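Chain and residue survey
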Amino acid sequence: MIGTRRETSVFILALVIAFAFDAELFALQQGADESADFFEMSLEELMNVEIAVASKTKEKLFETPAAVYVLTAEDIRRSGATNIPDALRAVPGVEVVRINSYTYSVTIRGFMEDYANKLLVMIDGRSIYTPVYSGIWWNIHDLMLEHIERIEVVRGPGGTLWGANAVNGVINIITKKTSDTQGTLITAGGGTEERGIGAAHYGGKLGENTHYRIYSKYSNHDDGPAIDGTEGADEWDIFRTGMRIDWDRTEKDKLSLQGNIFKTQFGDIFPIFSLTPPYVQNIADKTSIKGTDILSCWEHTFSETSDMALQIYYDQTERIGALFGEKRDTFDIDFQHRFGLGNRHELIWGLGYCLSTDNFSNSTAFSMTPSSRNLNLYSGFVQDQISLIRDKLKLTLGVKLEHNEYTGLEYQPSARIAWTPNTRNTVWAAVSRAVRTPSRYERDVRNEWAVYPGTPPTYMVAFGSNDVDSEELLSFELGYRFKPSSRFLLDVAAYANTYHNLRSSEGGIPQFQPTPVPHMFLPVTFDNKFDAEAYGAEVSATWKVTYNWKLSGSYNLQKTFAHKVRSSTDFLTEDIYEGKSPRNQFYFRSCFDLPGNKELDMSLKYVDSLPGAGVRSYMRFDVRFAWHINENTELNLVAQNLLDNKHAEYTSWICQNTEAERAFFANLIWRH
Amino acid sequence: MAGAKKTTIRVYSLILFGPVLLSLAPVCYAQNGQDSTREYKIKAAFLYNFIQFVDWPKEKEEPDDHNEPITIGILGRDPFQDAFESLKDKSIKGRMVVTKRFKSHTESDRNDDNRIHPDIEAIRKCHLLFVCASEKEYVGNIINSVKAHSVLTVADMEGFLQAGGIINLTMEKNKFYFEINVANAKRANLEMRSKLLRLARKVVDRDPIE
């Protein structure tokens, strides 16, 4: 524990600095009234201001009793990012690593793994984590970034509202309504790493209240240098096309329908093991994934304090690869209803059902038994927001019940309280329990992990187990927001998390097997014999220095202490849980509007070393320069990773590792 | 481990709550008592923003008297009330911004048949002229009498651009947008920066329908 003292001091220092800034700004802004606030806003911001004050059922972000951050379309545009994980690097407390050009791992509050599994990620309410390993294949969600309205990121458990897997956080990607993407947009670009990205959309009207858009996007990405110095095989491409229709039937009834199709192919390297020399051979192969999804949503408003939403989606993906193939069909229906009860209560309740059906094609190295499963998930939740003192003190109590195929009934309660004594300060605290239900991999897999040379050689195989149970989290959170003026916002959150029943990989007793060649057989079986405590804090601040200059920065600290229970024979997992997530991260960003319709944006991010992955600390420095040549045309020049030729951000066990190189990218966007 | 954990939590709570309590002390009085509606506070901020993205000809952009402020004229029954109050301590392009109210045509001398506003000279000197809804009947007259004088005419009424106006504020789904008539801006010898054109919901580039 002594080790945390240094980090704690750094943390205090950061806070003191932040508050020193505050005091100064506060003095300047004291007495500023609300109309002054609007004068501080840019045109873009003004165009987003709702004229009628948001109905009281819609919680203001500032008063939310959770660590929430919203990445706006403008943030994404000015980050110069070409994919969602790169855009998420700007979010305080989010850990993003690039494993190779198409594999990213994104976590919050620790537990980075090759396939990080404690986050729930959704696009317009459609969950995109795969039940195979409870993580995200980020590359297949290659949306047109121009269509993203905002990305809401909740750090900490969101299980009560969102359900299982929302253990350490929720990322909710919300796309624009079609009325906001009218007209034509064409974008084309390329660079040293992104060989080419081209996309186009057209948005039109079908009637007075019906808008639509159609779009297509293709991108092609270069391979990176492998960590051992050889050339990587991670080049890939993806094509995606889709449409969306929004029909605002009346002021009170809104319907939307969207559908997307994609197809991607990427280079992969995976090991083929043999019991005779050379024991392991790396085979390069191409894996392809194609998918279709269709989602419809109906929102109805009963009154100012009451509304409902019904959402249905169907999603199909098919993966073809040498290691394994998978076909998955997901059908999901969700209903949600919100209403006020008396003066003090605001209730939200909902019901959901999800059926996920899969069919695996197995190989010797990787197989699922049974090869096909139907996973039924039933869920229901209720949440009551109680206004203890009107507009000042709010208590939110909620519980989600979920019945899943593997572990039966799970409950996820939470209690949150927010105190907003005035428009400038919010203090909140929360206690919540969240679970991560087992993945298909943990229950049903047989996966060759390694062959260790020797006489005889040792053959290690991982086995899923029917005994694998849910991982549990009990989380205590505390947060504070301070907004002395509309130009400055400080957000602080701290947490202490206790994990129980974390996945472990139990080494079995080696057995001698005489055939086909004499070898030792070492089975590894998944179990739940790890516990952990994690502590940390995130501090972030944004400061609009002038109308054309915005600064933002964040610091986060996280520390995880994992320990196996006495009966465990696990010898792998402790290093993963403790040493694969950065303990410290700094982020600093400046967005500057230059005269002559130009923009200059810079960001600097420090990421601490990952001893468990053998990765040294690094700094990323990205610069974007944009020129709005005329009202229709925007030119972007982006340079990423300027401080080094290349660096590794992670080393994975499972997939190929390539390094992040210094990269240059240019694109042209034309709107009409 | 458990003891260490408790200590850590305690340290965090201290760190968190210390500054919270400190910062609460001076901010107990939120100011209130504004009379203008939220709608016009937002619109006032739009006007302020427009000024930043429009370039006037030299005599208005760089006047001989450097202390001459940028003037926002409000013509007609003023819906802004005190929405511009906090503009007092703000400047754009190094110049102060002031607002001037002009009487509605209906209130001014109506015997005058050619309907020229009695304060027309002062109106022509404005950088931006907001034409209030009360002046709807006279829009054509107003625009005709200022069009040669580089006045950025803004309103929030239907048909304003067709009548020769330059920027019109519109409302859709609880949010404000604006549309621009570039042809009218050119005629008034005003330079619109492309950022403004890019953010406009609609850019019209043709002469008013006569």
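Keep in mind that this is a model prediction, so the values were computed, not measured.

It is worth spelling out the overall build of chain A at this point. Secondary structure assignment for chain A yields 8 helices and 35 strands. For chain A, whose C-alpha radius of gyration is 25 Å, the value lies close to the compact-globule estimate of 26 Å for 672 residues. Along the first, second and third principal axes, the C-alpha set of chain A runs to 85 × 55 × 55 Å. For chain A, the residues scored as buried account for 59% of the 672 residues in total. Of the contacts formed within chain A by residues at least 6 apart in sequence, a portion of 62% connects residues at least 24 apart. Only carbon and sulfur atoms are counted for the fraction: they give 60% of the accessible area of chain A, which is about 26,400 Å². Here chain A contributes 66 positively and 86 negatively charged side chains, and the mean placements of these two sets differ by 2 Å.

Residue and element names in this part refer to chain B. With respect to topology, 8 strands assemble into an open sheet ordered β3-β4-β2-β5-β6-β7-β8-β10, the strand pairing being mixed. Every other strand in the sheet has two partners, leaving β3 (91–92) and β10 (202–204) as the edge strands with one partner each. Pairing analysis gives 4 bridges linking strand β2 (residues 70–75) to strand β5 (residues 128–131), with the strands arranged parallel. Directly across from Gly73, in β5, lies its bridge partner Leu129. Where helix α5 (residues 139–146) meets the sheet, it contacts β2, β5 and β6 (152–155), and its direction lies at approximately 170° from that of β5.

With that settled, the discussion passes to the packing of aromatic side chains. Evaluated as defined, the whole model comprises 31 aromatic pairs over all chains. Ring centres of Phe50(B) and Phe178(B) lie 5.1 Å apart, and the angle between their planes is 70°; this geometry places the pair in the edge-to-face category. Of the two residues, Phe50(B) is situated in helix α2 (residues 38–52) and Phe178(B) in strand β8 (residues 175–181); the sequence distance between them amounts to 128 residues. On the accessibility criterion, Phe50(B) (0% relative accessible area) is buried. You can call Phe178(B) buried: its relative accessible area is 0%. Each member of the aromatic cluster is reached from another via a ring pair, and the members are Phe324(A), Phe360(A), Phe366(A), Tyr441(A), Trp449(A), Phe526(A) and Trp653(A). Stacked on the ring of Phe62(A), the Lys or Arg Lys483(A) has its end atom at 5.1 Å from the ring centre. Looking at Arg201(B), its charged tip hangs above the ring of Tyr177(B), at a distance of 3.9 Å from the centre.

What follows is about the nonpolar core. One recurring pattern in soluble globular proteins: nonpolar side chains tend to sit buried together. Membership of the largest hydrophobic core comes to 49 residues, with the highest contact counts inside it found for Phe46(B), Phe50(B), Leu152(B), Ile167(B), Phe178(B), Met192(B) and Leu196(B). For this core, the leading source of residues is α2(B), giving 9 residues. Counting 36 residues, the second-largest nonpolar core is a separate cluster that includes Ile108(A), Tyr129(A), Trp138(A) and Ile173(A).

Residues and elements named next belong to chain A. Here we have 5 strands laid out as an open sheet, ordered β1-β6-β7-β4-β5, and mixed in their pairing. In the strand order of this sheet, the two ends are held by β1 (67–72) and β5 (126–127), each with one partner. Here strand β4 (residues 119–123) pairs with β5 via 2 bridges, running antiparallel. Each residue of the ladder has a partner; that of Met122, found in β5, is Ser127.

With 15 residues, α2(B) ought to run about 21 Å at 1.5 Å a step, and its terminal C-alpha atoms sit 22 Å apart, in line with that. Taking burial as the measure, the 15 residues of α2(B) include 13 buried ones, the bulk of the element.

A word on the pattern of salt bridges. Under the criterion given, the structure shown has 60 salt bridges over all chains. Notably, a salt bridge pairs Lys580(A) with Asp114(A), separated by 3.5 Å at the nearest N-O pair. Of this pair, Lys580(A) sits in the loop between α8 (573–579) and β29 (584–594) while Asp114(A) sits in the loop between β3 (104–108) and β4, and the two are 466 residues apart along the sequence. The pair formed by Lys580(A) and Asp114(A) is uniform in burial state, with each residue classed as buried. We note a salt bridge from Lys327(A) to Asp329(A), for which the minimum N-O separation is 3.9 Å. On the basis of relative accessibility, which here comes to 32%, the residue Lys327(A) falls in the partly exposed class. Overlapping salt bridges bring together Glu44(A), Glu74(A), Arg77(A), Arg78(A), Asp593(A), Glu599(A), Asp601(A), Arg624(A), Glu634(A), Arg671(A) and Lys195(B) as one network.

Residue and element names in this part refer to chain A. The two faces of strand β30 (residues 598–607) differ: Glu599, Asp601, Ser603, Lys605 and Val607 on one face are buried, but Lys598, Leu600, Met602, Leu604 and Tyr606 on the other face are not. Between the antiparallel neighbours β29 and β30 lie 3 residues, among them Gly596 with a positive phi of about 80°. Note: β30 against strand β31 (residues 618–628), 10 bridges, orientation antiparallel. Note that in β31 the partner of Ser603 across the bridge is Asp622.

Time to look at the confidence of the model for chain A. Residue and element names in this part refer to chain A. On average, residues of chain A score 89 in pLDDT, and 93% of them reach the 70 mark or higher. Residue range residues 14–36 is modelled with pLDDT below 50. Its contacts to residues more than four positions away, or to other chains, number 33 contacts. Of the regions scoring below 50 in pLDDT, residues 53–58 engages in 10 contacts with residues more than four places distant in sequence or in other chains.

Right, let's talk about α5(B) for a bit. Residues and elements named next belong to chain B. All of the buried residues along α5 are Val139, Ile142, Ile143, Ser145 and Val146. End-on, the buried residues of α5 take up no more than an arc of 165°, which puts them together on one face. Contacts made by the buried residues of α5 are with β2, α4 (120–125), β5 and β6.

The next point concerns a nonpolar patch on the surface. Among the surface-exposed residues, Leu257(A), Ile294(A), Ile312(A), Tyr314(A) and Phe331(A) lie close enough to one another that they form a single nonpolar patch of about 370 Å² accessible area. Mapped onto the fold, Leu257(A) is located in strand β12 (residues 253–273).

Residues and elements named next belong to chain A. One pass over the full model with this rule turns up 12 cavities of 30 Å³ or more. Lining the largest cavity are 19 residues, and of these Asp86, Arg98, Tyr104, Glu193 and Glu194 lie nearest its centre. At the level of elements, β34 (660–661) and β35 (663–671) are the ones that each hand at least two residues to the lining of the largest cavity. Ranked by residues supplied to the lining of the largest cavity, first place goes to β35 with 3 residues. Here the residues of the lining of the largest cavity are counted per class, giving 6 nonpolar, 5 polar and 8 charged. One number sums up the size of the second largest cavity: a volume of about 170 Å³. Lining the second largest cavity are 16 residues; nearest its centre among them are Thr175, Arg213, Tyr215, Gln258 and Asn260. In terms of residue count, strand β11 (residues 236–248) provides more of the lining of the second largest cavity than any other element does, 3 residues in total. Residue composition of the lining of the second largest cavity, by class: 6 nonpolar, 4 polar and 6 charged.

This paragraph deals with the environment of Asn667(A). Residue and element names in this part refer to chain A. Relative to the assigned elements, Asn667 resides in strand β35. In sequence terms Asn667 and Ala188 are 479 residues apart; their C-alpha atoms lie 5.5 Å from each other. For Asn667, the contacting residues outside a window of four places in its chain are Thr187, Ala188, Gly189, Glu634, Leu635 and Asn636. Side chain to side chain, Asn667 and Thr187 meet in a polar contact 3.2 Å long.

Turning to the environment of Lys327(A), a few remarks are in order. Residues and elements named next belong to chain A. As for its position among the elements, Lys327 is in strand β15 (residues 325–341). Considered as a pair, Lys327 and Gln316 are 11 residues apart in the sequence and their alpha carbons are 7.5 Å apart. Setting aside residues no more than four positions away along its own chain, Lys327 makes contact with Gln316, Thr317, Glu318, Thr357, Asp358 and Asn359.

Residues and elements named next belong to chain A. Structurally, the position occupied by Asp358 is in strand β16 (residues 345–361). A polar side-chain atom of Asp358 sits 2.9 Å from a polar atom in the side chain of Arg328. Within the structure, Asp358 has its side chain in polar contact with the side chain of Arg440 (distance 2.7 Å). Residues contacting Asp358, with those up to four places away along its chain left out, are Lys327, Arg328, Ser371, Ser372, Arg373 and Arg440.

Cut-offs and rules
Residues numbered from 1 in each chain as written. Chains lettered and ligands numbered in written order. Predicted model: local features only at pLDDT ≥ 70, side-chain atom pairs only at ≥ 80, totals over all residues. Heavy atoms only, no water. Helix = DSSP H or I, 4+ residues; strand = E, 2+ residues; numbered from the N terminus. Rg over C-alpha atoms; globule rule 2.2 N^0.38 Å. Buried < 20%, exposed > 50% of the residue type's maximum accessible area, 1.4 Å probe, protein only. Contact = heavy atoms within 4.5 Å. Areas by Shrake-Rupley, 256 points an atom, 1.4 Å probe, with all protein chains shown as cover. Lys, Arg positive; Asp, Glu negative; His and termini not counted. Charge placed at Lys NZ, Arg CZ, Asp CG, Glu CD. Pairing = 2+ DSSP bridges. Axes fitted to C-alpha atoms, helices over the stretch in contact; angles between N-to-C directions. Phe/Tyr/Trp six-rings, centres within 6.5 Å; stacked < 30°, edge-to-face > 60°. Lys NZ or Arg CZ within 6 Å of the ring centre and 35° of its normal. Core = buried A, V, L, I, M, F, W, Y, C linked by side-chain atoms within 4.5 Å. Expected span 1.5 Å × (residues − 1). Salt bridge = Lys/Arg side-chain N within 4 Å of Asp/Glu carboxyl O. pLDDT = per-residue confidence, 0-100. Arc of directions from axis to C-beta. Patch = residues over 30% accessible without salt bridge, like charges linked within 9 Å, V, L, I, M, F, W, Y side chains within 5 Å. 1 Å grid on protein atoms, 1.4 Å probe; cavity = no way out; pocket = protein on both sides within 12 Å on 5 of 7 lines; lining within 4 Å. Points joined across faces, edges and corners; volume = space filled by probe spheres on them. Nonpolar A, V, L, I, M, F, W, Y, C, P; charged D, E, K, R; others polar. Polar contact = N/O pair within 3.5 Å; in protein donor to acceptor, adjacent residues only side chain to side chain.

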